[in-house]
Amino acid sequence: MENLGFIFRNLRLDRNYSLSEVSEGILSPSFLSKFERGDSDISLSKFYLLLERLNITMDEFLFISNDYRPTQMEVLMRNVRVAYENNNLTLLLKLEQVEIEKLKKYNFKSYEYNAIMIRALAHNLDKKVEMKNTDIESLNNYLFSIENWGLYELMLFGNSMSILSIDSIITFSKEILNKTQMYRSIKKNKEHLVRVLLNIIVSCIELNRTTSISYFITSAEKIIERSDLYFEKIKLLYLTGIYKIIIGNSPLGVSMCKKAIQIMYDLNDINTANNHEEYLKGKLRNFQI
């Protein structure tokens, strides 16, 4: 990773700003010059203001400072997602073993949680992949111990739900709504939170937990209101329709589901639309509608 000041200088010059223009009201031009040369450090709050002056987000700057590469966690989650979506159990178990080896080498707890999360996904693909009660307890203890959940905790929980009981999922999920308040204004966190809630709603639908379904639908609606999370809004419309069918309001429920499915078709997301259409048919058969 290059010197942060040097990277900042390149961004400043690329945008044709002088030292005095960027530093005005934040710090002195001479101090900014020292930072750019690597001769001095500045506080995070001042650095954030300088980035705002250049209209550069912190995520963009970190991406540049990491040689235009995603972070290790981003690479891990991408590989895990690809393996899971392709039902590649062998790759998932290899990814788990890499995290276990990192844990042995560095003795850093997050590698343990990563391994548990990956194994939970493997367990979801093949129940022959066993989960240790000690691993589940370790993950539970960590999540309960964190007061403010960031993206990492949301990913851990969202990808490990298959190893938790429905009561634990519901309890955790109600905690989520409080624990994620601090970072909810960050779009990526909000998006992941809503997707976790949608998965929770699906779990509650499968087990006919109608009270919990209603609670989490209302919670998700409040979070995505006035947002541009359009996929999540379509999915929530569909799940709300399924909920209406379950509680006996079939005409409205079917109408909502079909509206959501039609939007998927209109967006040319054929596979997703077909899957949701088949799920709706199954629910209608179950309720003999």
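Please refer to the structure higher up on the page.
These numbers come from a predicted model, not from an experiment.

Student: Would you mind going over the overall build of the chain with me for this structure?
Tutor: Looking only at helices and strands, the chain has 16 helices and zero strands in total. C-alpha atoms of the chain, sized along the principal axes, occupy 75 × 45 × 35 Å. Contacts in the chain between residues far apart in sequence, at least 24 positions, make up 58% of those at least 6 positions apart. Carbon together with sulfur atoms contributes 50% to the accessible area of the chain, which is approximately 16500 Å² in total. Charge-centre separation for the chain: the mean point of 37 positive side chains lies 3 Å from the mean point of 35 negative side chains.

Student: Help me understand the packing of aromatic side chains, please; the structure alone is not making it clear to me.
Tutor: Ring pairs (aromatic) are described by centroid distance and by the angle formed between their planes. If you walk through the whole model with that rule in mind, you get 14 aromatic pairs. Aromatic side chains Phe-8 and Phe-47 sit 6.2 Å apart centroid to centroid with 55 degrees between the ring planes, which places their arrangement in the tilted category. You can see Phe-8 sitting in helix α1 (residues 4–14) and its partner Phe-47 sitting in helix α4 (residues 44–53), a full 39 residues away along the chain. One exposure class covers both Phe-8 and Phe-47, and it is buried. Taken together, a centroid distance of 6.1 Å and an interplanar angle of 45 degrees make the contact between Trp-149 and Phe-172 tilted. Taken together, the residues Trp-149 in the loop between α9 (133–145) and α10 (151–160) and Phe-172 in helix α11 (residues 166–179) connect sequence positions 23 residues apart. Judged on exposure class, the residue Trp-149 and its partner Phe-172 are both buried. One residue, Lys-174, lies across the ring of Tyr-215, its end atom 5.0 Å from the ring centre.

Student: It is not clear to me how the pattern of salt bridges should be interpreted in this structure. Could you clarify?
Tutor: Oppositely charged side chains can form a pair if their charged atoms are brought close together. Counted according to the given criterion, the structure contains 14 salt bridges. Of the charged contacts, one joins Glu-99 and Lys-102 as a salt bridge, the two residues approaching to 3.5 Å between their closest N and O atoms. Placement of the pair is Glu-99 and Lys-102 together in helix α7 (residues 89–106), with a separation of three residues, close to one helical turn. You can call Glu-99 buried: its relative accessible area is 2%. Judged by relative accessible area, which is 25%, Lys-102 ranks as partly exposed. Measuring nitrogen to oxygen at the nearest pair gives 3.7 Å for the salt bridge that ties Glu-101 to Lys-104. Highlighted residues: Glu-101 and Lys-104, both in helix α7, separated by three residues, approximately one helical turn. Assessed through its relative accessible area of 39%, Glu-101 is described here as partly exposed. Taken together, the shared-partner salt bridges in this structure form one network comprising Glu-191, Arg-195 and Glu-232.

Student: Just to check I follow, could you spell out the environment of Glu-147 for this structure?
Tutor: Structurally, Glu-147 is set in the loop between α9 and α10. Taking the C-alpha atoms as reference, Glu-147 lies 9.6 Å from Glu-175; in sequence the two are 28 residues apart.

Student: Looking at this structure, how should I read the nonpolar core?
Tutor: By size, the foremost hydrophobic cluster in this structure holds 66 residues, and its most contacted members are Phe-157, Ile-200 and Ile-201. A per-element tally of this core places helix α12 (residues 187–206) first, with nine residues. If we skip the residues at most four places from it in the chain, Ile-200 touches Phe-157, Met-161, Ile-169, Ser-173 and Phe-216. In this structure, Ile-7, Leu-32, Ile-42 and Ile-56 belong to the second largest nonpolar core, which totals 16 residues.

About the cut-offs
Residues numbered from 1 in each chain as written. Predicted model: local features only at pLDDT ≥ 70, side-chain atom pairs only at ≥ 80, totals over all residues. Heavy atoms only, no water. Helix = DSSP H or I, 4+ residues; strand = E, 2+ residues; numbered from the N terminus. Contact = heavy atoms within 4.5 Å. Areas by Shrake-Rupley, 256 points an atom, 1.4 Å probe, with all protein chains shown as cover. Lys, Arg positive; Asp, Glu negative; His and termini not counted. Charge placed at Lys NZ, Arg CZ, Asp CG, Glu CD. Phe/Tyr/Trp six-rings, centres within 6.5 Å; stacked < 30°, edge-to-face > 60°. Buried < 20%, exposed > 50% of the residue type's maximum accessible area, 1.4 Å probe, protein only. Lys NZ or Arg CZ within 6 Å of the ring centre and 35° of its normal. Salt bridge = Lys/Arg side-chain N within 4 Å of Asp/Glu carboxyl O. Core = buried A, V, L, I, M, F, W, Y, C linked by side-chain atoms within 4.5 Å.

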